[in-house]
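Listed below are the residues making up each chain.
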Amino acid sequence: MRSQSKTILYSGLLAGTLDILAAILVYSVILHKTTAEKILQSIASGVFKEHAYTGGAQMAFYGLLLHYCIALAFAYFYSQIYPHVPLLKKNILLSGFIYGIFIWIVMNLLVLPLVFTKLPAREFDLPFLISVLILVLCVGLPIAFVTKKFYHKPL
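Rules and cut-offs
Residues numbered from 1 in each chain as written. Predicted model: local features only at pLDDT ≥ 70, side-chain atom pairs only at ≥ 80, totals over all residues. Heavy atoms only, no water. Helix = DSSP H or I, 4+ residues; strand = E, 2+ residues; numbered from the N terminus. Rg over C-alpha atoms; globule rule 2.2 N^0.38 Å. Buried < 20%, exposed > 50% of the residue type's maximum accessible area, 1.4 Å probe, protein only. Contact = heavy atoms within 4.5 Å. Areas by Shrake-Rupley, 256 points an atom, 1.4 Å probe, with all protein chains shown as cover. Lys, Arg positive; Asp, Glu negative; His and termini not counted. Charge placed at Lys NZ, Arg CZ, Asp CG, Glu CD. Core = buried A, V, L, I, M, F, W, Y, C linked by side-chain atoms within 4.5 Å. Expected span 1.5 Å × (residues − 1). Polar contact = N/O pair within 3.5 Å; in protein donor to acceptor, adjacent residues only side chain to side chain. Phe/Tyr/Trp six-rings, centres within 6.5 Å; stacked < 30°, edge-to-face > 60°. Lys NZ or Arg CZ within 6 Å of the ring centre and 35° of its normal. Axes fitted to C-alpha atoms, helices over the stretch in contact; angles between N-to-C directions. Parallel < 35°, antiparallel > 145°, perpendicular 65-115°, else oblique. Left-handed = near helix turned anticlockwise from the far one by under 90°.

K.L.:
Help me out: how do you make sense of the overall build of the protein chain in this one?
P.N.:
Broken down by element type, the protein chain carries six helices and zero strands. For 155 residues, the compact-globule estimate of 2.2 N^0.38 gives 15 Å, and the protein chain sits close to it at 16 Å. Reported as C-alpha extents along the three principal axes, the dimensions of the protein chain are approximately 50 × 35 × 30 Å. Expressed as a percentage of its 155 residues, the buried residues of the protein chain come to 39%. For the protein chain, contacts bridging at least 24 residues in sequence account for 65% of all contacts bridging at least 6. For the protein chain, the computed accessible surface area is about 9,200 Å², with 72% contributed by carbon and sulfur atoms. Distance between charge centroids for the protein chain: 19 Å, based on 12 positive and 5 negative side chains.

This is the structure in structure tokens:
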């Protein structure tokens, strides 16, 4: 992988895939709280509001597309700040962990409140910890590892 664009694409697609698979596995398969289609429709509802839940598979597809756009945006942002933030280069595990926390903060304290007028109250409980852990392990760390590999390879 020689270009930064390919690195962003690869890290964003990898993170997006791991993230959505983890969400479906945990919330649909293990906890039986929802379905994979509802997870994807809830992502689409950020754009299509209530119509997303009545739009069937088409809205689930739009939710998946939106999900990957968000993952690619976070991959792009990380690739842009990586050369300028020395902490990110020192410890890849720590930087991936911090970036996963940063993503959770951005999504849950900025994006979701701006997109949705009503959100359920957040509690420091198991679902909260699972949501943070998924973002750290499935998004923060993969983006950090792929980006480091791009910047630390011989040209």
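K.L.:
Just checking my understanding: could you explain the nonpolar core for this structure?
P.N.:
Among the nonpolar cores identified, the biggest contains 21 residues, and Phe 74, Tyr 78, Tyr 99, Ile 103, Val 139 and Ile 143 are the most heavily contacted of them. Every element with two or more residues in this core is listed here: helix H1 (4-30), helix H3 (56-81), helix H5 (92-115) and helix H6 (126-151). The element best represented in this core is H6, accounting for eight residues. In terms of nonpolar packing, the next biggest core, distinct from the first, is built from twelve residues, Ile 24, Ala 60, Ile 130 and Cys 138 among them.

K.L.:
Help me understand H3 in this model?
P.N.:
For the α-helix, the turn length of 3.6 residues means that residues three or four positions removed from each other point alike. With 26 residues, H3 extends 38 Å from end C-alpha to end C-alpha; this agrees with the ideal 38 Å at 1.5 Å per step. Every buried residue of H3 is listed here: Met 59, Ala 60, Gly 63, His 67, Tyr 68, Ala 71, Phe 74, Ala 75, Tyr 78 and Ser 79. Close packing links the buried residues of H3 with H1, helix H2 (36-48), helix H4 (86-90), H5 and H6.

K.L.:
Even after reading the chapter, I still don't get the side chain of Thr 7, so can you show me in this structure?
P.N.:
By the secondary structure assignment, Thr 7 is in helix H1. Among the polar contacts made by the side chain of Thr 7, one reaches the main-chain carbonyl oxygen of Ser 3 at a distance of 3.0 Å.

K.L.:
Quick question: what am I supposed to make of the packing of aromatic side chains here?
P.N.:
Two numbers describe a pair of aromatic rings. These are the distance of the centres and the angle of the planes. Here the structure, examined in full by the defined rule, presents ten aromatic pairs. Each ring, one from Phe 61 and one from Tyr 62, has its centre 6.2 Å from the other, and the planes form 50°; the classification is tilted. The structure contains a cluster of three or more aromatic residues connected by ring pairs, namely Phe 74, Phe 77, Tyr 78, Tyr 82, Tyr 99, Phe 102, Phe 150 and Tyr 151. A cation over an aromatic ring shows up here: Lys 49 above the ring of Phe 116, its NZ or CZ 5.6 Å from the ring centre.

K.L.:
Hey, could you run me through the side chain of Gln 41 in this one?
P.N.:
With respect to the element layout, Gln 41 can be found in helix H2. For Gln 41, a relative accessible area of 2% gives the class buried. Beyond its immediate sequence surroundings of up to four residues, Gln 41 is in contact with Ala 52, Tyr 53, Gly 56, Met 59 and Ala 60.

K.L.:
What's the story with unusual backbone geometry in this structure? I'm lost.
P.N.:
Excluding glycine, residues mostly carry a negative phi; peptide bonds, for their part, are mostly trans. With phi around 55°, His 32 is a residue other than glycine that occupies positive phi space. Mapped onto the secondary structure, His 32 falls in the loop between H1 and H2. A relative accessible area of 63% places His 32 in the exposed class. Even without being a glycine, Lys 49 presents a positive backbone phi close to 55°. Relative to the helices and strands, Lys 49 resides in the loop between H2 and H3.

K.L.:
Before we go on, may I ask you to explain the packing of H1 against H6 in this structure?
P.N.:
Packed helices, taken two at a time, are described by the angle between their axes plus the distance between the axes. Contact pair H1 / H6: the axes reach a minimum separation of 9 Å and the direction vectors enclose 160°. As judged from the angle between their axes, H1 and H6 are roughly antiparallel. Both H1 and H6 take part in a crossing whose hand is right-handed.

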